[in-house]
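Here are the chains, one letter per residue:
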Amino acid sequence: MGARERRERERSELREKIMDAARAMFSAEGYDAVSMRRIAEQIEYSAAAIYAYFPDKESLFREICRTDFGTLLDAFKELAQVNDPLVRIYLTGHGYISFGMHHPSHYRMMFMRECPPIPPEAQDLAKMDDPNEDGYAFVRAAVIDALDAGLLRAEFVDPELVTQTIWATVHGVTSIEITFRNDPWLDLRPLEHRRTMALDLVMSGILRDPSQLTRVKQQALEVIAADRSKGEA
């Protein structure tokens, strides 16, 4: 490795170190309580070193959000090839919970704290409705496909409401696990049992034909098993 490549690697590693420290502090203490100086102290660097990578706290926060939401979206994108929208919804819920379990600090900052205002110039409104750019839009697209195919109960006509109810369900499982998994006062049942029950309940609740749940689960589990096999190969 040449000197230039080594400098680039060291720069990338420090950038990740800054983001990791900031992410943990934002999620634990809230946006307003964290300063660039304190982030620098946490990683034992000067504040000037951080400003060389991020001009201010707001830009650092936005970059963490962009990176972390992109990681979640990448996991969803792998499911785009699943044609059945019901299976896609089930897999997305399963993957959402898995993301939270594998990235608890990311999840806390993304979904368990108050978001500071985003200035208009920093908003990319074009991405809000693009399933290839926004995780919420990805789930909503699957819900719309299911509605268009007549697969959901007739009274459910608002895709936003259906999408947000699914989100509330999987967020509940994820946030409880992250917050209370080590609480000695709470006898939590195994996560996989709670995840399966939550997904079963929300899916059977929205399906026009609840008997479809068995098929949907079976196909979803086959996809999950295949993905695990690829990961172990």
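Refer to the structure printed above.
This write-up is about the structure you can find in this document. The model shown is predicted, which means the values in this text are computed figures rather than measured ones. (Residues numbered from 1 in each chain as written. Predicted model: local features only at pLDDT ≥ 70, side-chain atom pairs only at ≥ 80, totals over all residues. Heavy atoms only, no water.)

1. What about the layout of surface pockets?
1) Next: Taken as a whole, the second largest pocket holds about 540 Å³ of empty space.
2) Next: If you trace the second largest pocket, you find 20 residues lining it, with Ala75, His94, Gly95, Ser98 and Asp227 closest to the centre.
3) Next: For the lining of the second largest pocket, the secondary structure elements donating two or more residues are helix H4 (57-77), helix H5 (85-102), helix H9 (191-206) and helix H10 (212-232).
4) Next: Looking at the lining of the second largest pocket, the element that brings in the most residues is H5, giving seven residues. (1 Å grid on protein atoms, 1.4 Å probe; cavity = no way out; pocket = protein on both sides within 12 Å on 5 of 7 lines; lining within 4 Å. Points joined across faces, edges and corners; volume = space filled by probe spheres on them. Helix = DSSP H or I, 4+ residues; strand = E, 2+ residues; numbered from the N terminus.)

2. Some thoughts on the packing of helix H6 (residues 104-111) against helix H8 (residues 159-180)
1) Next: With their axes 11 Å apart at the nearest point, H6 and H8 run at an angle of 130° to one another. Between H6 and H8, the angle falls in the class oblique. The interaxial crossing formed by H6 with H8 has left-handed handedness. On the side of H6, the interface is formed by Pro104, Tyr107, Arg108 and Phe111, while H8 contributes Trp167, His171, Thr174, Ser175 and Ile178. (Axes fitted to C-alpha atoms, helices over the stretch in contact; angles between N-to-C directions. Parallel < 35°, antiparallel > 145°, perpendicular 65-115°, else oblique. Left-handed = near helix turned anticlockwise from the far one by under 90°. Contact = heavy atoms within 4.5 Å.)

3. Things to note about the packing of H4 against H5
1) Next: Direction vectors running N to C along H4 and H5 enclose 140°, while the axes themselves pass 10 Å from each other. Considering the relative orientation of H4 and H5, their crossing is right-handed. Judged by residue contacts, Asp68, Thr71, Leu72 and Phe76 of H4 engage Thr92, Tyr96 and Phe99 from H5.
2) Next: Here the contact of H4 with H5 is built from residues that sort into four nonpolar, two polar and one charged. (Nonpolar A, V, L, I, M, F, W, Y, C, P; charged D, E, K, R; others polar.)

4. Thoughts on the packing of aromatic side chains
1) Next: Per the stated rule, a full pass over the model turns up 10 aromatic pairs.
2) Next: Centroid distance Tyr31 to Phe61: 5.1 Å. Interplanar angle 80°. Geometry classified as edge-to-face. On the criterion of sequence distance, the pair formed by Tyr31 in the loop between helix H1 (3-29) and helix H2 (36-43) and Phe61 in helix H4 is long-range, its members being 30 residues apart. In terms of burial, Tyr31 and Phe61 fall into one category: buried.
3) Next: Measuring from centroid to centroid gives 5.6 Å for Tyr96 and Tyr107, while their planes differ by 85°, and the two rings are edge-to-face. Separated by 11 residues along the polypeptide, Tyr96 in helix H5 and Tyr107 in helix H6 bring together distant segments of the chain.
4) Next: By relative accessible area, Tyr96 is classed as buried at 6%.
5) Next: Each member of the aromatic cluster is reached from another via a ring pair, and the members are Phe69, Tyr96, Tyr107, Phe111, Tyr136 and Trp167.
6) Next: Of note, Arg11 hangs over the ring of Tyr53, and the distance from its end group to the ring centre comes to 4.4 Å.
7) Next: Directly above the ring of Tyr31 sits Lys57, whose terminal nitrogen or CZ lies 4.2 Å from the centroid. (Phe/Tyr/Trp six-rings, centres within 6.5 Å; stacked < 30°, edge-to-face > 60°. Buried < 20%, exposed > 50% of the residue type's maximum accessible area, 1.4 Å probe, protein only. Lys NZ or Arg CZ within 6 Å of the ring centre and 35° of its normal.)

5. Details of unusual backbone geometry
1) Next: For Glu44, which is not a glycine, the phi torsion comes out positive at approximately 60°.
2) Next: Here Glu44 lies in the loop between H2 and helix H3 (47-51).
3) Next: The class of Glu44 is exposed, set by a relative accessible area of 73%.

6. Some remarks on the environment of Ile206
1) Next: As for its position among the elements, Ile206 is in helix H9.
2) Next: For the pair Ile206 and Val170, spaced 36 residues apart in sequence, the C-alpha separation works out to 15 Å.
3) Next: Ignoring sequence-local partners within four residues, the contact set of Ile206 consists of Leu151, Leu152, Arg153, Phe156, Val162 and Ile166.

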